[in-house]
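Read off the chains here:
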Amino acid sequence: MFLHLGGDVLINQQKVIAILDLETAMKNSISENYLNNMKESERIHYISEKGKEKSLIITTEGNYLSPISSTTLFKRSLSIEEQEE
C-alpha cells in the first residue's frame, strides 16, 4: 500500500519509520536538532512551501516535510478494515 504525502509524492507505507507532528516535535530539543541537521545537510525533501510544513515523515529512503497533518497521514495509512472499526 502507498501513502500520499502531498503534492505528487507517494511512498511505500512499509518504508515509513515515523510520522511526526512538527509543532509537537519542535518542543523537544532532540527533535529540533535532528530536523535542523537534516535541513543543513539537505537530506530532506520539501513537499510544500517553506513555512507551511505540518509533519515530518522519516522513511528508509529519505525524510519529507509535508503540508498534511500527521493525524491525516495516520488515517490515510490505516487499511479500510481498520478505518471501519
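Look up a bit, the structure's there.
An account of the accompanying structure is given in this report.

Reading the values: the criteria
Residues numbered from 1 in each chain as written. Predicted model: local features only at pLDDT ≥ 70, side-chain atom pairs only at ≥ 80, totals over all residues. Heavy atoms only, no water. Buried < 20%, exposed > 50% of the residue type's maximum accessible area, 1.4 Å probe, protein only. Helix = DSSP H or I, 4+ residues; strand = E, 2+ residues; numbered from the N terminus. Pairing = 2+ DSSP bridges. Core = buried A, V, L, I, M, F, W, Y, C linked by side-chain atoms within 4.5 Å. Contact = heavy atoms within 4.5 Å. Polar contact = N/O pair within 3.5 Å; in protein donor to acceptor, adjacent residues only side chain to side chain.

Quick look at the pairing of strand β6 (residues 62–66)
Then, in step 1: Among the five residues that make up β6, five are buried, leaving the element largely enclosed by the rest of the structure.
Then, in step 2: Here β6 shows a buried face lined by Gly62, Tyr64 and Ser66 and a second buried face lined by Asn63 and Leu65.
Then, in step 3: Both strand β4 (residues 44–46) and β6 contribute to a ladder of three bridges, which runs parallel. Opposite His45, over in β6, you have Tyr64 as the bridge partner.
Then, in step 4: Bridge count for strand β5 (residues 55–59) against β6 is five bridges, and the pairing is antiparallel. Each residue of the ladder has a partner; that of Ile58, found in β6, is Asn63.
Then, in step 5: Connecting the antiparallel pair β5 and β6 is a turn made up of two residues.

Digging into unusual backbone geometry
Then, in step 1: Phi is positive for Glu42, close to 55°, though the residue is something other than glycine.
Then, in step 2: Note on placement: Glu42 falls in the loop between α2 (29–40) and β4.

Let's talk about the nonpolar core
Then, in step 1: In terms of nonpolar packing, the biggest core is built from eight residues, these being Leu3, Leu5, Ile11, Ile47, Ile57, Tyr64, Ile68 and Leu73.
Then, in step 2: Once residues lying within four places of it in the same chain are set aside, the contact partners of Ile11 are Met1, Phe2, Leu3, Leu5, Val16, Ile57, Thr59 and Tyr64.
Then, in step 3: Ranked by size, the runner-up nonpolar core spans seven residues in total, among them Ile44, Leu56, Ile58 and Leu65.

Some remarks on the side chain of Ser66
Then, in step 1: Note that Ser66 resides in strand β6.
Then, in step 2: For Ser66, a relative accessible area of 0% corresponds to the buried category.
Then, in step 3: Within the structure, the side chain of Ser66 is placed 3.0 Å from the backbone nitrogen of Ile68, a separation counted as a polar contact.
Then, in step 4: Those residues in contact with Ser66 that sit more than four places away from it in its chain are Leu5, Ile47, Ser48, Glu53, Lys54, Ser55, Ile57 and Leu73.

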